[in-house]
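Fold and geometry: a report
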Amino acid sequence: MSATPQSPIRPPDANAESPNATDRTSLQDPVCGMTVTTASAYLLAYEGRLIFFCSTGCKAKFAAEPQRYATRTSAAEPVQPGSAAPGAGSPAFKGTIYTCPMHTEVRREQPGNCPKCGMTLEPERPSLGDAANPELADFRRRFAWTVPLTVIVATLAMVGDRIPGIRPTWLSWIELVLTLPIVLWAGKPFFERALQSVMHFSPNMWTLIGLGTSAAFIYSVVATFAPNVFPTTFVSMGRVSVYFEAAATIISLTLLGQIFELRARSKTSAAIKSLLALTPKTARRIKVGGGEEDVPLTDVHIGDQLRVRPGEKVPVDGIVTEGGSAVDESMLTGEPMPVSKGHGDRLIGATLNTSGSLVMRAEKVGSETVLAGIVTMVVQAQRSHAPMQRVADRVARYFVLAVVTVSILTLLLWGLFGPEPRWAHGLINAVAVLIIACPCALGLATPMSIMVASGNAATRGVLFRDAAAIENFRRVDTLVVDKTGTLTRGKPAFDRSVALPGFTEDAVLQWAGSVDQGSEHPLAAAIVHAARTRGLSLDKITNFESRSGTGVRAIVRGKPVALGNLALMTELGVSVQALDVQAEALRAQGASVTFLEIDGQAAGLLAVSDPIKATTAEALSQLRASGVRVIMATGDGLTTAKAVATKLGIDEVHGEVKLADKLALVKKLQREGRVVAVAGDGINDAPALAQADVGVAMGTGTDVAMNSAQVTLVRGDLRGIAIARIISQQTVANMKQNLGFAFVYNALGVPLAAGVLYPFTGWLLSPMIAALAMSLSSVSVVSNALRLERSRGAKDNSFESRGGSPSTHSGKFSV
């Protein structure tokens, strides 16, 4: 028996790095007296101070009885005003990291611009308390104040010579005065980013915009102050041709495009915010001296006693210490019926208490909670790079330099060979080339699709670890599934024990229950629970050893005891032939059979039944219909495995499978050219999950399984695999559309801006039109990515959150 379920979803260790990791001040652990430093990973907040410990054990002791050790808290530092206690929150996360949507390797502790592409860095993890996007507000203000000036400048450029009383020579000066605030104030962010791109040797869209706008503006300023330096071919209507309207319009249209893009990009974090919204804002804490108080969730610490009243959400993860109730966990598990909870049962934060009053002890808070772990996985997936992005990255690396080269060639060719005014035509077309060839759409093509898809998947109970998993899942054609906890509920119930001569059935159960105390496998939990329910005393064990995929061993009452499947008995040289008839009969009924060996001799067997999940048959039917080959590989006996497989219509079954056997099966399928996904929930599944092209872990399984998998099904529902394949197919199609649009856009836009159609049609592309097209290209990519939220099938089997009262809570996430 392998060790299995603990918490449904475990986030990365929030204490992996102390907030004071660089501080080495020596302090004393208040529990054991050992010397510790403020770099210790074990800490909690108490009465406005941070207490540091040498281990989790001392930390737990202090949390359970803080008053006992309060007078010895020399290992403490004041919590800075306004800061949340580590590990506390809703969910609370240490610090804010800002990253670039296009270049996720760029991470900063302060807001700013990306040194590679110039885009404004965004918080890596959005929060419900996020204020309005300051960049969006700034661009709106700049646009609102300068767009009237742009309209006037453009009007003067077109019909100014027809306005009575205005001399043609005055027009340039009037346009200059009106354009100055547009270029120097409204366009300041663009020129700053263009300058940064040059300083960092990282040409990008702002390089092109800065070059094009400054070229048009500087040329026009020189033409206004010193018109005599230009040849007569530049003179039109009594003055040298100027392009202030081009510079002004480009800046205004770029601002408008950025406003549209920022508004669209803000919607990509909607899924994460919907998950964060599930968590209550306050908790009712029971005071040590009696009485209760409502406190913000950021003030809840490990060990706090909390009361959860009917109709309230569970504030954090913990254990029931008093009372009983039915808790609606459908927001996480998808099970529509509330689960009965009593003393010692686990509670998951953000689930809904539907009836009785509960008192709980907080065990995981802030970034350690189940919900925070889900958010962490979604954020990691959103910020990862899809393999398809490599193509765009390789192109973008040389794109700007190529565009600048084309722009210079355009200027020279028009200036040397074009119609009069040749150099004026050359300048305006060169500017148009620079402006229209924006690489932003190319850079956003796949990140936006990944962000939307990851959030959409999370709201439907599917957590992708990274973008590669999203891209690869659509190719899966073979699924290898475990039985216990994957096809079945993973909550088996003890059926019966069979004893050989010299033992009683209760004795077999007692010995088995004793050795299984060291295992967290669901079958072991059922045996231990049955022994305790019958009032059988369980012995202390030593030298416990879990044999992944086969069973467990330990020393009980001084004797070596083994409990496991036939493979383990064979390995130990123990004959169980006397139990063959009973074992086969039980397996034929679908029960899992484990054999008990005591001091080298078979003592009996135990049968545990694990019902098939209600959704498994439907899930397998969907997968087979989509062309996926389904194979069962389980450590249970072949007869039991075939009994379950027959009920589910699975044709290919492998029983008595060891850890190495399952791994070998996956490798064999891959050598045959199959794209393999493995679905499992136990430690014995971890190597196969890691070897598979896509590993799928049940959200109700072990941390090891989930850490080895690329996809986690939050509800432990295999229908999530069908959902994941659909999301993968839709996302890859969306990324291809975005990349195709970006490539085609530039393939058509750059030659058009250079004037290749002029000899045949007389058409030229104005820089103003180029600026509008450039802005709309990025908006189009983001808008197309957002279609994934509304795509067909997106709401099938989805989670929708209607928090509040029990009558309105459906227990599902929704964007």
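Refer to the structure above for everything that follows.
The following refers to the structure shown. Owing to the predicted nature of the structure, the values given are computational and were not obtained by experimental measurement.

On to the nonpolar core. Core analysis: the biggest nonpolar cluster contains 48 residues, and F464, F473, M632, I650, V696, V711 and I721 have the highest contact counts within it. Broken down by element, the residue count for this core peaks at 7 residues, all from helix α24 (residues 719-754). Among residues more than four places away in sequence, those in contact with V696 are F473, V678, A679, G680, L689, A709, V711, L713 and I721. One finds L171, L176, F244 and A248 within the second-largest nonpolar core, a separate group that totals 24 residues.

To continue, consider helix α19 (residues 616-625). Note on helix geometry: an α-helix contains 3.6 residues per turn, so any two residues three or four positions apart are oriented the same way. Those residues of α19 that sit buried are T616, A619, L620 and L623. End-on view of α19: buried residues confined to an arc of 95°, all on one side of the axis. Each element contacted by the buried residues of α19 is listed here: β21 (478-481), β28 (629-633), α20 (638-648) and α24. Downstream of α19 by a residue or two, G627 has a phi angle that is positive, lying close to 90°.

It is worth spelling out the packing of helix α3 (residues 134-159) against helix α4 (residues 168-186) at this point. α4 packs onto α3 with a crossing angle of 155° between their chain directions and a minimal axis gap of 9 Å. With respect to each other, α3 and α4 are oriented roughly antiparallel. Of the two elements, α3 crosses α4, and the hand of that crossing is left-handed. Note on element contacts: α4 touches α3 through L171, I174, E175, L178, T179, P181, I182, W185 and A186, opposite R141, R142, W145, T146, L149, T150, I152, V153, L156 and A157.

Moving on to the packing of aromatic side chains. Applying the stated criterion across every chain yields a total of 4 aromatic pairs. Ring plane angle 85° and centroid distance 6.4 Å describe the contact between F464 and F473, whose orientation is recorded as edge-to-face. We classify F473 as buried; its relative accessible area is 0%. When the ring centre of W185 is taken as reference, the NZ or CZ atom of R142 above it lies at 5.2 Å.

Tracing the backbone through its elements, the reader meets L262 in helix α7 (residues 244-266). The buried category is assigned to L262, whose relative accessible area is 3%. For the pair L262 and V782, spaced 520 residues apart in sequence, the C-alpha to C-alpha distance is 9.4 Å. Not counting chain neighbours up to four residues away, the residues in contact with L262 comprise N133, E135, L136 and F139.

Strand order in the open sheet formed by 6 strands is β12-β11-β13-β19-β14-β17, and the pairing between neighbours is antiparallel. Two strands bound the open sheet, and with one partner strand each, they are β12 (292-296) and β17 (346-347). Note that strand β14 (residues 317-323) and β17 share 2 bridges and pair antiparallel. Looking across to β17, one finds that I319 is bridged to R346.

Definitions and cut-offs
Residues numbered from 1 in each chain as written. Predicted model: local features only at pLDDT ≥ 70, side-chain atom pairs only at ≥ 80, totals over all residues. Heavy atoms only, no water. Core = buried A, V, L, I, M, F, W, Y, C linked by side-chain atoms within 4.5 Å. Buried < 20%, exposed > 50% of the residue type's maximum accessible area, 1.4 Å probe, protein only. Helix = DSSP H or I, 4+ residues; strand = E, 2+ residues; numbered from the N terminus. Contact = heavy atoms within 4.5 Å. Arc of directions from axis to C-beta. Axes fitted to C-alpha atoms, helices over the stretch in contact; angles between N-to-C directions. Parallel < 35°, antiparallel > 145°, perpendicular 65-115°, else oblique. Left-handed = near helix turned anticlockwise from the far one by under 90°. Phe/Tyr/Trp six-rings, centres within 6.5 Å; stacked < 30°, edge-to-face > 60°. Lys NZ or Arg CZ within 6 Å of the ring centre and 35° of its normal. Pairing = 2+ DSSP bridges.

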